[in-house]
Amino acid sequence: MPVKVLILLDFTGILRYNSHMENIILEVEKYKKSVEELTKENVELKALVKYYEEQYRLSQQKKFGSSSEKTPGQTELNFFDEAENESVKHISEPTALQITCTRRKREGKRDEDLSDLPVETITHSLPEEERICPECGGVMHVMGHSEPRRELKIIPAQVSVAEHVQEVYSCRECDKNNVSVPVIKAPAPEPTVKGGVASPSSVAHIMVQKYVNAMPLYRQEREFVMNGFMLSRQTMANWMIYTSERWLEPLYDMMKSNLLREQVLHADETVLQVLKEQGRKSRMNSYMWLYRTGGISAHPIVIYEYQETRSSSHPKKFLEGFKGYLHTDGYQGYHVLPQAIKVVGCWAHARRKFDEAVKSAPPEERSVLPSQKGPDFCSALFRLEHEYEKLNPEERYQARLERSKPLVGQFYAWVNSVGALPKSALGRAVHYALEQRPYLEKVFLDGRLELSNNRAERSIKPFVIGRKNRLFSATPKGAMASSVIYSVIETAKENGLKPFEYLKYLFETMPNISGVKLDSLLPWSDSLPLYCKLETK
């Protein structure tokens, strides 16, 4: 074979060999890429499974677990060892010779609870024919009375009709001698609802049942029927709307004006479903906004406002003219308010995020989790705040700078060192803490500020409880009436008033006053009658 042919054959073999190796390399690269993609997918799926496990444990905790956010170092209440807690361990059991029979003095908490109630004494006597002495046959006399047995007597709500009849007077002398005879009619109070049978007490009762006791109108209607009287829910709803617009809205407006003159406020919002809003579907969420005074206010004020959306334009419009500090949660809508309003974040919300991260982990791992440091830091802040309770604002301001602020610095040094997946519970807690830092640290600007927005959350809770029972409002008018009524009732409660007595007094007074300043009817007014006020012991 010629040399040229051999060389050609060798070159062809090399080409084939190189082509084969290239195919092998391509296949290897393809497999490597496939392995890398599968490894990445596996990591993502593991993270997703971990995320779903966290969410499942967290949902189970919310559904079946304790709602307490206390850490292991905090004091816990024991509900099942009353006998052990009440017993005095250093006193030994008495012997038979040590036991003496004494009459127990009937005083205690029960007597204190009943002390303000009217007492009806029922005396049980023997008829005269039974007062015969069994020994001698003589007449027995009353030598004393037994120790009284006290019972709590409850009279259910009773419905009756009050007829207002005005006497009409004329002069008999004028009737005999004059052409014109003067006729005078005795004055009578104006009705609470024109042309209706509503009385001050009936409207006040229905309002208290609905807005204090969370009893919807349809349940009240059923209760009236069981008591032998038909009062439809439509009639009651009309009474609520009429009286809120006619009598309570002027007080609402005055309370709002007073609220905006404060320097420290709290705000919150929650969803509300209104069925018949123009241009909106019945299932769309509307919102009930809440604004209230802080702990330093001389007169607590709670204001609800119904709005169709959660837009930041609503607090911006409501707070026009307000200059000061506003406690809120982490909702971004509050962060675009005018510069005159300094938004203060809520450390309770920050703590809650880390607490959720702990509770979303398997129980056996919780004690060693790095996320446990988050609730520990926040709990330490709240313990310090408890120590500052009796300090005045200036002293509290200094104490926070000296003791609390360094602790917050340590907290954020730890937060920045935490490595957590963004979608994990710990990652979300870290993100919240970092995002909210400018607002959380505002608490160090003034000793009048509070560490949390819990004050607003407590005030909005009555509405949330009522919403669970009645589910929705039928019309925007009803929702607006609810916001006004809730505002008046919750402000009355905050100022130590009895809601029923206060509302009844308003509906008796307001239709019959002219030229009287409404200031005297505000929940903190000294002019209110004593029977409207809760007795403080």
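K.L.:
Break down the overall build of the protein chain for me, citing the residues and quoting the values.
P.N.:
A tally of regular secondary structure across the protein chain gives 16 helices and seven strands. For the protein chain, contacts bridging at least 24 residues in sequence account for 65% of all contacts bridging at least 6. For the protein chain, the exposed area adds up to about 35600 Å²; of that, 55% sits on carbon and sulfur atoms.

K.L.:
Got a sec to walk through a negative patch on the surface? Specific residues and values, please.
P.N.:
Where like charges cluster on the molecular surface, the negative patch consists of Glu29, Glu36, Glu37 and Glu41. A relative accessible area of 41% means that Glu41 is categorised as partly exposed.

K.L.:
Requested: an account of the pairing of strand 4 (residues 285-293), with residues and values cited.
P.N.:
Burial runs high along strand 4: eight of the nine residues are buried. As paired elements, strand 3 (residues 264-273) and strand 4 share nine bridges and run antiparallel to each other. Looking across to strand 4, one finds that Asp268 is bridged to Leu290. Relative to strand 5 (residues 302-307), strand 4 runs antiparallel, the two sharing six bridges.

K.L.:
Break down the packing of aromatic side chains for me, citing the residues and quoting the values.
P.N.:
Counted under the stated rule, the structure contains 16 aromatic pairs. Their ring planes at 65° and their centres at 5.6 Å tell us that Trp347 and Phe411 sit as a pair that is edge-to-face. Here Phe411 lies in helix 11 (residues 393-417) and Trp347 lies in helix 9 (residues 347-359), a separation of 64 residues in the sequence. Judged by centre distance (6.2 Å) and plane angle (40°), the rings of Phe411 and Trp414 are tilted. Here Phe411 pairs with Trp414, and both are found in helix 11, just three residues apart, close to one helical turn.

K.L.:
Go over unusual backbone geometry with me, naming the residues and quoting the values.
P.N.:
Notably, Ala214 is not glycine yet its phi reads approximately 55°, a positive angle. Mapped onto the elements, Ala214 comes out in the loop between helix 5 (200-211) and helix 6 (217-226).

K.L.:
Mind laying out the side chain of Glu385, listing which residues take part and the relevant values?
P.N.:
Here Glu385 is to be found in helix 10 (residues 373-387). Taking the relative accessible area as the measure of exposure, Glu385 reaches 14% and is therefore buried. Looking at Glu385, its side chain comes within polar contact range of the side chain of Arg400, at 2.3 Å. Residues in contact with Glu385, not counting those within four places in the same chain, are Arg396, Arg400 and Leu451.

K.L.:
An account of the sheet that holds strand 5 is needed here, citing residue identities and associated values.
P.N.:
Sheet architecture is open: five strands sit in the order 5-4-3-6-7, paired in mixed fashion. Among the strands making up the open sheet, the edge pair consists of strand 5 and strand 7 (341-344). Here the strands of the sheet are splayed against their neighbours by 30° on average, with no regard to which way each runs. Contacting strand 3, strand 4 and strand 5, helix 7 (residues 233-260) crosses the sheet at an angle of about 110° to strand 5.

K.L.:
Can you explain the pattern of salt bridges? Please cite residues and give values.
P.N.:
Following the criterion strictly, the structure yields 16 salt bridges and no others. In this structure, the salt-bridge partner of Lys493 is Glu490, at a minimum N-O distance of 3.1 Å. In this pair, Lys493 and Glu490 are both assigned in helix 15 (residues 476-494), three residues apart and thus about one turn of the helix distant. On the accessibility criterion, Lys493 (35% relative accessible area) is partly exposed. On the basis of relative accessibility, which here comes to 6%, the residue Glu490 falls in the buried class.

K.L.:
Describe the environment of Arg131, with residues and values.
P.N.:
Among the structural elements, Arg131 can be located in the loop between helix 3 (109-114) and strand 1 (168-170). Taking the C-alpha atoms as reference points, Arg131 and Val142, separated by 11 residues in sequence, lie 9.5 Å from one another. The residues touching Arg131, leaving out its near neighbours within four places in the chain, are Ser125, Leu126, Gly138, Val139 and Met140. There is a polar contact of 2.9 Å between the side chain of Arg131 and the backbone oxygen of Leu126.

K.L.:
Lay out the side chain of Arg396 in plain terms, naming residues and giving numbers.
P.N.:
Tracing the chain through its elements places Arg396 in helix 11. Among the polar contacts made by the side chain of Arg396, one reaches the main-chain carbonyl oxygen of Leu391 at a distance of 2.7 Å. With near-sequence residues (within four places) excluded, Arg396 lies in contact with Glu385, Tyr388, Glu389, Leu391 and Gly447.

K.L.:
Outline the pairing of strand 5, supporting the account with residue identities and numerical values.
P.N.:
Burial within strand 5 is extensive, with six of its six residues counted as buried. Side-chain alternation along strand 5 places Val302, Tyr304 and Tyr306 on one buried face and Ile303, Glu305 and Gln307 on a second face that is also buried.

K.L.:
Tell me about a nonpolar patch on the surface, and please be specific about residues and values.
P.N.:
A cluster of nonpolar residues, Met21, Ile24, Ile25 and Val28, forms a patch on the protein surface that exposes about 300 Å² of accessible area. When you line up the elements, Ile24 lands in helix 1 (residues 3-64). On the basis of relative accessible area, Ile24 is assigned to the partly exposed category, the value being 36%.

K.L.:
Describe the confidence of the model for the protein chain, naming the residues involved and giving the relevant values.
P.N.:
Residues of the protein chain with pLDDT of at least 70 account for 81%, and the chain-wide mean is 83. Scored below 50 in pLDDT, residues 3-9 shows two contacts in the model against residues more than four places distant or in partner chains. Here residues 71-103 is modelled with pLDDT under 50, and outside its nearest four sequence neighbours on either side it reaches 18 contacts, counting other chains as well.

K.L.:
Which residues make up the packing of helix 6 against helix 7, and what values do they have?
P.N.:
Axis separation between helix 6 and helix 7 bottoms out at 9 Å; the angle between their running directions is 125°. Relative to helix 7, helix 6 is oriented oblique. The two elements helix 6 and helix 7 meet at a crossing, and its hand is right-handed. Residue-level contacts link Leu217, Tyr218, Gln220, Glu221 and Phe224 of helix 6 to Arg233, Met236 and Ala237 of helix 7. Of the residues that constitute the contact of helix 6 with helix 7, the class distribution is five nonpolar, one polar and two charged.

K.L.:
A description of helix 9 should follow, citing residues and the corresponding values.
P.N.:
Because an α-helix completes one turn every 3.6 residues, residues spaced three or four positions apart along the sequence face the same direction. In this model, helix 9 (13 residues) spans 18 Å end to end at C-alpha, consistent with the 18 Å of a helix rising 1.5 Å per residue. Across the 13 residues of helix 9, 10 count as buried, placing the element largely inside the fold. Within helix 9, burial applies to Trp347, Ala348, His349, Ala350, Arg351, Phe354, Asp355, Ala357, Val358 and Lys359.

K.L.:
Before we move on, can you summarise the environment of Val415 with the specific residues and values?
P.N.:
Residue placement: Val415 occurs in helix 11. Given the relative accessible area of 1%, Val415 is considered buried. Distance from Val415 to Val430, taken between C-alpha atoms, is 6.2 Å for residues 15 residues apart in sequence. Contacts of Val415, omitting those with residues within four sequence positions, involve Phe354, Val430 and Leu434.

Thresholds applied
- Residues numbered from 1 in each chain as written.
- Predicted model: local features only at pLDDT ≥ 70, side-chain atom pairs only at ≥ 80, totals over all residues.
- Heavy atoms only, no water.
- Helix = DSSP H or I, 4+ residues; strand = E, 2+ residues; numbered from the N terminus.
- Contact = heavy atoms within 4.5 Å.
- Areas by Shrake-Rupley, 256 points an atom, 1.4 Å probe, with all protein chains shown as cover.
- Patch = residues over 30% accessible without salt bridge, like charges linked within 9 Å, V, L, I, M, F, W, Y side chains within 5 Å.
- Salt bridge = Lys/Arg side-chain N within 4 Å of Asp/Glu carboxyl O.
- Lys, Arg positive; Asp, Glu negative; His and termini not counted.
- Charge placed at Lys NZ, Arg CZ, Asp CG, Glu CD.
- Buried < 20%, exposed > 50% of the residue type's maximum accessible area, 1.4 Å probe, protein only.
- Pairing = 2+ DSSP bridges.
- Phe/Tyr/Trp six-rings, centres within 6.5 Å; stacked < 30°, edge-to-face > 60°.
- Polar contact = N/O pair within 3.5 Å; in protein donor to acceptor, adjacent residues only side chain to side chain.
- Axes fitted to C-alpha atoms, helices over the stretch in contact; angles between N-to-C directions.
- pLDDT = per-residue confidence, 0-100.
- Parallel < 35°, antiparallel > 145°, perpendicular 65-115°, else oblique.
- Left-handed = near helix turned anticlockwise from the far one by under 90°.
- Nonpolar A, V, L, I, M, F, W, Y, C, P; charged D, E, K, R; others polar.
- Expected span 1.5 Å × (residues − 1).

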